[in-house]
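In case you want the letters, here they are:
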Amino acid sequence: MVVKTLVKMASLKDYILLTKPGIVLLVLITTLTGMYFAQRGMPPVELVFWTLLGTGLASAGSAVLNQYFDRDIDALMERTKSRPLPLGSVAPSHAFWFGVSLLSLSFLIMFFFTNPIATFFTALASFFYISVYTLSLKRKSPLATEIGGVAGAMPPVIGYTAVTGSLSLEPLILFLIMFIWQPPHFWVLAIKYAQDYKVAGIPTMPVVRGIEHTKVRTLLYTAGLLPVSLLPYFYGMAGEIYFLSASLLSLIYLALTLKFVSSKEPKGGFLFFYSILYLALLFTIMVFDMRR
Ligand code: HEM
Ligand SMILES: CC(C)=CCC/C(C)=C/CC/C(C)=C/COP(=O)(O)OP(=O)(O)O
């Protein structure tokens, strides 16, 4: 009985791992930011519940299908070879239908409990992550990261349109911050695991254009984050506390990146962690210092 329960617990953990829960959490923070700015305050609780559930399921379902389609290359890389599918602890067909079920549930929830435009952007983000990024570009072009960023920058647009039912410049500013944030977020790992990606035949920026080129590109994007992160202040969305916090957070990010690119043996561990902390803090402070 105990063994059976432990086996059940193990497989539940594997299914949760397949959803990339850490990514889902930050997706929900950025989705909620979009909702707060649309409402200029706390949106209706039931709308927040359904929108976060729908968006979270879409991010989770997309991550599951990303790992289903990537299971061959994940098995070749140190960083990913112990994931559930390469390990064999979840059958590929089970993962596939698990991902499809999460996505289907997501679109139904978004359609019936939010509105068509938010549903459209949720489907677009899922489509971009699975088809454009995972199935096409990731195995063909180093530009996958920059183009795939359209998916990753969608959550605040989903949150905003779930409240207003229409687009405006505000969610596009949040989209732009996330679009610029993603390449440096990933390229730290792409540099750290350059050999891994080369063995797996994935044409990441370091594999195709070299580590030095990727370092410069990372620096340019991180430098670009400084002015872009201040747009919510200049556009009247957030106040002086946000302006000062965003300036400080972006300057720290730039300093850490300068240290990373100038080091002979770049580790990148803390820089990668900071990339996540940066986005979470930036969006949280933006909400707390929101101009009503
Ligand atoms: C082109 C876009 C992106 C790429 C290529 C990318 C790549 C990655 C990679 C390779 C990891 C390490 C995963 C692992 O080793 O298990 C990671 C972790 C992470 N990413 Fe991204 N990411 C992207 C966009 C995003 C977005 C849009 C978010 C959230 C809004 C995000 C949030 C995170 C978080 C929170 C982690 C740590 C997850 C954990 O370890 O639990 N990423 N990302
Ligand atoms: C609503 C919705 C669908 C949101 C999705 C947002 C989102 C987080 C998109 C991008 C995530 C991404 C490219 C992760 C890296 O995949 P990878 O295959 O490069 O990473 P891996 O090698 O670690 O699997």
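Residues numbered from 1 in each chain as written. Chains lettered and ligands numbered in written order. Predicted model: local features only at pLDDT ≥ 70, side-chain atom pairs only at ≥ 80, totals over all residues. Heavy atoms only, no water.

Where an unreviewed UniProt entry is consulted, the protein appears under the name Protoheme IX farnesyltransferase, with the organism given as Thermocrinis ruber. What UniProt records for the protein under Sequence similarities (unreviewed entry) is the sentence "Belongs to the UbiA prenyltransferase family. Protoheme IX farnesyltransferase subfamily." Under the UniProt heading Function (unreviewed entry), the entry covering the protein gives this text: "Converts heme B (protoheme IX) to heme O by substitution of the vinyl group on carbon 2 of heme B porphyrin ring with a hydroxyethyl farnesyl side group." (UniProt positions renumbered as here; feature names shortened; annotations may be inferred.)

Considerations on the overall build of the protein
Looking only at helices and strands, the protein has 16 helices and zero strands in total. Relative to the compact-globule value of 19 Å for 292 residues, the protein shows a C-alpha radius of gyration of 19 Å, a close match. Taken along the three principal axes of its C-alpha coordinates, the protein extends 55 × 50 × 35 Å. Sorting the 292 residues of the protein into buried and exposed places 52% on the buried side. Across the protein, the fraction of contacts at a sequence separation of at least 24, relative to all contacts at a separation of at least 6, is 73%. (Helix = DSSP H or I, 4+ residues; strand = E, 2+ residues; numbered from the N terminus. Rg over C-alpha atoms; globule rule 2.2 N^0.38 Å. Buried < 20%, exposed > 50% of the residue type's maximum accessible area, 1.4 Å probe, protein only. Contact = heavy atoms within 4.5 Å.)

Here's the deal with the coordination of the iron atom of ligand 1
Of all protein atoms, just one serves as a donor to the iron atom of ligand 1, and that atom is H185 (NE2), at 2.2 Å. Note that H185 resides in helix α10 (residues 169-192). (Donors = N, O, S within 2.8 Å, 3.2 Å for Na, K, Ca; no water.)

A short note on the confidence of the model for the protein
The pLDDT averaged across the protein works out to 95; a share of 98% of its residues lies at or above 70. For this predicted complex, the interface confidence score (ipTM) comes to 0.97, while the overall pTM stands at 0.95. (pLDDT = per-residue confidence, 0-100.)

Description of the site of ligand 2
Around ligand 2 lies a shell of 19 residues, among which K20, R79, R83, Y133 and K138 are the nearest. In the model, an oxygen atom of ligand 2 is placed 3.4 Å from a nitrogen or oxygen of the Y129 side chain. Starting from 630 Å² of accessible surface for ligand 2 in isolation, the protein chains cover 89%. Assessed atom by atom at 2 Å from the grid points, ligand 2 resides in the largest pocket. (Near = heavy atom within 4 Å. Polar contact = N/O pair within 3.5 Å; in protein donor to acceptor, adjacent residues only side chain to side chain. Areas by Shrake-Rupley, 256 points an atom, 1.4 Å probe, with all protein chains shown as cover. 1 Å grid on protein atoms, 1.4 Å probe; cavity = no way out; pocket = protein on both sides within 12 Å on 5 of 7 lines; lining within 4 Å. Sits in = over half its atoms within 2 Å of the grid points.)

Structural notes on the UniProt feature "transmembrane region" (unreviewed entry) in the protein
Mapped onto this numbering, the UniProt entry annotates "transmembrane region" (unreviewed entry) at residues 15-38, 47-69, 95-113, 120-137, 157-181, 241-258 and 270-288. Taken end to end, residues 15-38 is 92% helix and 0% strand, and its two terminal C-alpha atoms sit 34 Å from one another. Regarding residues 157-181, the helix share stands at 84% and the strand share at 0%, and the terminal C-alpha atoms are separated by 16 Å.

With respect to the environment of W187
Assignment of secondary structure puts W187 in helix α10. Discounting residues that sit within four places of it in the chain, W187 has contacts with T145, E146, M205, T214, R217, T218 and Y221.

Thoughts on the layout of surface pockets
Roughly 1,200 Å³ of internal volume is contained in the largest pocket. Forming the walls of the largest pocket are 43 residues, and the residues nearest its centre are K20, I23, Y129, Q182 and H185. Elements with a minimum of two residues in the lining of the largest pocket: α2 (21-39), α3 (45-69), α7 (116-136), α8 (144-152), α9 (155-164), α10 and α16 (269-288). Among the residues making up the lining of the largest pocket, the classes are represented as 22 nonpolar, 15 polar and six charged. Two domains each put at least three residues into the lining of the largest pocket: domain 1 (1-167) and domain 2 (170-292). Computed from the structure, the second largest pocket encloses a volume of approximately 160 Å³. (Points joined across faces, edges and corners; volume = space filled by probe spheres on them. Nonpolar A, V, L, I, M, F, W, Y, C, P; charged D, E, K, R; others polar. Domains from an automatic or database assignment.)

Thoughts on a nonpolar patch on the surface
On the surface, L108, F111, F112 and F113 cluster together to form a nonpolar patch covering roughly 440 Å² of accessible area. Within the secondary structure layout, F112 lies in helix α6 (residues 92-113). Exposure remark for F112: the relative accessible area of 60% places this residue in the exposed category. (Patch = residues over 30% accessible without salt bridge, like charges linked within 9 Å, V, L, I, M, F, W, Y side chains within 5 Å. Salt bridge = Lys/Arg side-chain N within 4 Å of Asp/Glu carboxyl O.)

Overview of unusual backbone geometry
One non-glycine residue, K20, adopts positive backbone phi at about 50°. Mapping K20 onto the fold places it in the loop between α1 (2-18) and α2. Taking the relative accessible area as the measure of exposure, K20 reaches 17% and is therefore buried.

Some details on the site of ligand 1
The full set close to ligand 1 counts 17 residues, and R79, R83, G152, Q182 and H185 are the nearest of them. R83 is positioned with one of its side-chain polar atoms (N or O) 3.2 Å from an oxygen atom of ligand 1. The side chain of H185 places a nitrogen or oxygen atom 3.1 Å from a nitrogen atom of ligand 1. Of all the cavities here, the one that holds ligand 1 is the largest pocket. For the shell around ligand 1, the elements supplying multiple residues, two or more each, are α2, α8, α10 and α16. By residue number, the principal contributor to the shell around ligand 1 is α10, which donates six residues. Considered class by class, the residues forming the shell around ligand 1 number 10 nonpolar, five polar and two charged.

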